[in-house]
Amino acid sequence: MPDRYEVTRDAEHVKALKAAGAILLGKANMHEIGQGVTGWNAHYKPTRNPHNPSHFTGGSSSGSAALVAAGLCPVAIGADGGGSIRIPSAFCGVVGLIPTYGRTKEEHKGPKATNTVGTTGPIA
């Protein structure tokens, strides 16, 4: 895996946020490979729960939920394929929404059958 990944284009939800005038602050930590319910990332270490640093933040969108809970930003983007928005939102005491599949414009790689659970949504 490369040490640095250069982004060559924006995802559809990022394009929409920019078009609406949003100021994007950066990237957040997440559970490695986006699979897990703790928020642990072996490379960058765990995301800390702002309410109690000894508690997990939960799920792969753990950094997004922790940033919102800490008051560093009012809203963040999460990715959900089985609880990855909802679990960290619950652990951090914020609200996460997973839209119905197909309601938001998504771009997926790979077979369609394997991508029907994954979607992005807001954490606020």
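Reading the values: the criteria
Residues numbered from 1 in each chain as written. Predicted model: local features only at pLDDT ≥ 70, side-chain atom pairs only at ≥ 80, totals over all residues. Heavy atoms only, no water. Helix = DSSP H or I, 4+ residues; strand = E, 2+ residues; numbered from the N terminus. Buried < 20%, exposed > 50% of the residue type's maximum accessible area, 1.4 Å probe, protein only. Contact = heavy atoms within 4.5 Å. Areas by Shrake-Rupley, 256 points an atom, 1.4 Å probe, with all protein chains shown as cover. Core = buried A, V, L, I, M, F, W, Y, C linked by side-chain atoms within 4.5 Å. Polar contact = N/O pair within 3.5 Å; in protein donor to acceptor, adjacent residues only side chain to side chain. Salt bridge = Lys/Arg side-chain N within 4 Å of Asp/Glu carboxyl O.

Chemist: Give a detailed account of the overall build of the chain, specifying residues and quantitative values.
Modeler: Secondary structure assignment for the chain yields 3 helices and 2 strands. Listing each helix as α and each strand as β along the chain from the N terminus yields α-α-β-α-β. Counting the 124 residues in the chain, one finds 28% classified as buried. Contacts in the chain between residues at least 24 apart in sequence constitute 53% of all its contacts with a sequence separation of at least 6. As displayed, the chain offers around 8,300 Å² of accessible surface, 60% of which is attributable to carbon and sulfur atoms.

Chemist: Lay out the nonpolar core in plain terms, naming residues and giving numbers.
Modeler: Counting residues in each nonpolar core, the largest one holds 8 residues, listed as Ala65, Val68, Cys73, Ala76, Ile85, Cys92, Val94 and Ile123. Not counting residues up to four positions away in its chain, the partners in contact with isoleucine 85 are Ser61, Gly78, Ala79, Asp80, Gly96, Leu97, Thr120, Gly121, Pro122 and Ile123.

Chemist: Talk me through the side chain of aspartate 80; I want residue IDs and the actual numbers.
Modeler: Within the secondary structure layout, aspartate 80 lies in strand β1 (residues 76-80). Since its relative accessible area comes to 3%, aspartate 80 is described here as buried. At a separation of 2.9 Å, a polar atom in the side chain of aspartate 80 contacts the main-chain amide nitrogen of glycine 82. Reaching out from aspartate 80, the side chain makes a polar contact with the backbone nitrogen of serine 84 at a distance of 3.2 Å.

Chemist: Could you give me a rundown of helix α2 (residues 62-69), with the residues and numbers involved?
Modeler: Counting buried residues along α2, 6 of its 8 residues qualify, which places the element largely inside the surrounding structure. Those residues of α2 lying buried are Ser62, Gly63, Ser64, Ala65, Ala66 and Val68. Looking at the buried positions of α2, the neighbouring elements they touch are β1, α3 (86-92) and β2 (119-123). Just beyond α2, the residue with positive phi is glycine 71, at close to 80°.

Chemist: How would you sum up the pattern of salt bridges? Please name residues and give values.
Modeler: The final tally for this structure, using the stated rule, is 3 salt bridges. Lysine 18 is the partner of aspartate 10 in a salt bridge, and the nearest nitrogen-oxygen pair spans 2.8 Å. Using a relative accessible area of 27% as the deciding quantity, one classes aspartate 10 as partly exposed. Between lysine 15 and glutamate 12 there is a salt bridge, with the nearest N and O atoms lying 3.2 Å from each other. In this pair, lysine 15 and glutamate 12 are both assigned in helix α1 (residues 12-19), 3 residues apart and thus about one turn of the helix distant. Its relative accessible area of 39% is what places lysine 15 among the partly exposed residues.

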